[in-house]
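Here is what each chain is made of, one letter per residue.
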Amino acid sequence: MKIIFSRKGFDTSFGGAPSPIIDGRPVSLPIPGSKGETTRYADIGLGSLVHRATKGRLGETDACHDDPMFANGYCWLGQVNAAQGHLQNQKAQEGDVFLFFGLFSNSISGERHHRIFGSMIIAGFGDPEAVQRHHLWQKPPRDHPHFAGHWPRNNTIYFGQGATAKSAPDSLRLTREGGPLNMWRVPEWLSDHGLSYHSNPARWISKTQLDSAKRGQEFVCNIGEAAEPRRWLESILAAIAA
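The rules we used
- Residues numbered from 1 in each chain as written.
- Predicted model: local features only at pLDDT ≥ 70, side-chain atom pairs only at ≥ 80, totals over all residues.
- Heavy atoms only, no water.
- Salt bridge = Lys/Arg side-chain N within 4 Å of Asp/Glu carboxyl O.
- Helix = DSSP H or I, 4+ residues; strand = E, 2+ residues; numbered from the N terminus.
- Buried < 20%, exposed > 50% of the residue type's maximum accessible area, 1.4 Å probe, protein only.
- Core = buried A, V, L, I, M, F, W, Y, C linked by side-chain atoms within 4.5 Å.
- Contact = heavy atoms within 4.5 Å.
- Pairing = 2+ DSSP bridges.

(A) Broad picture of the pattern of salt bridges. Under the defined criterion, the tally for this structure stands at nine salt bridges. Put simply, Asp96 and Lys2 hold a salt bridge, and the shortest N to O gap is 3.5 Å. Here Asp96, found in the loop between helix H2 (81-89) and strand E6 (97-105), pairs with Lys2, found in strand E1 (residues 2-7); they are 94 residues apart in sequence, far enough to count as distant. Taken as a pair, Asp96 and Lys2 share a single burial class, namely buried. The salt bridge involving Lys8 is made with Glu218; its shortest N-O contact spans 3.0 Å.

(B) Highlighting the nonpolar core. Core analysis: the largest hydrophobic core is formed by 25 residues, its most contacted members being Ile3, Phe5, Leu99, Ile116, Leu195 and Trp232. Those elements giving two or more residues to this core turn out to be E1, E6, helix H4 (189-193), strand E12 (218-222) and helix H5 (227-241). Broken down by element, this core gets its largest block of residues, five residues, from H5. Every residue in contact with Ile3, bar those within four places of it in the chain, is listed here: Val97, Leu99, Trp189, Phe219, Val220, Cys221, Ile223, Trp232 and Leu233. If you look at the next biggest cluster of nonpolar residues, it comprises 15 residues, including Phe104, Met120, Ile122 and Tyr158.

(C) Fine view of the pairing of strand E8 (residues 156-164). Of the strand pairs in this sheet, strand E5 (residues 74-79) and E8 are connected by six bridges, and their pairing is antiparallel. Residue pairing for E8: Cys75 is matched across the bridge by Gly160. As defined by bridge partners, strand E7 (residues 112-126) adjoins E8 across eight bridges and the pair is classed as antiparallel. Across the sheet, residue Gly118 finds its bridge partner in E8, namely Thr164.

Dropping the structure here:
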């Protein structure tokens, strides 16, 4: 089994601001559309939040890249280019788990930090035509951006059971207290199993602190059948579902 830490949503490069935590719940804002997307922020109920987060640069009528898409206990994710090549090289497969993280701001202090906001257990994947023939395929409730427009040949759709966090517990926070942003607090077993994009030993400040890469979308850890990482993953999925 592999755990995939997948960077998604608004940040300083895409959207230009952190996503908010509203009434104790992290709300990941989809990045602005740039591939002819038809879904607008208003269509998914995020128009006012995006307007506030971007101080009016974006709003209800602007198109968004609604990906990953969550609905009815399922998730759909599209990936392309080098990021998809990396997932392929790391042999992402059915049963592996995406943990989606992003940049958020504390609702009181405004402190920026990375936190996990959602998950998906991969049930199947493939190109847009092939994936719809999968025996477990579930059709998304609205147009997914990776099913339309012009995409590279390795355009791939992942789907499976998924959920977004209903609260913002400390257990889902990655950035250590006091920062800086990319200094993560991690479980002790992670350094032993390794994490893609983090092979430089200098990144591992200690068993529980990681100087996380500022670039890269998909960070993959192969935990195999190890019990301790699986217990940690179960606790994270439980925290998301709580």
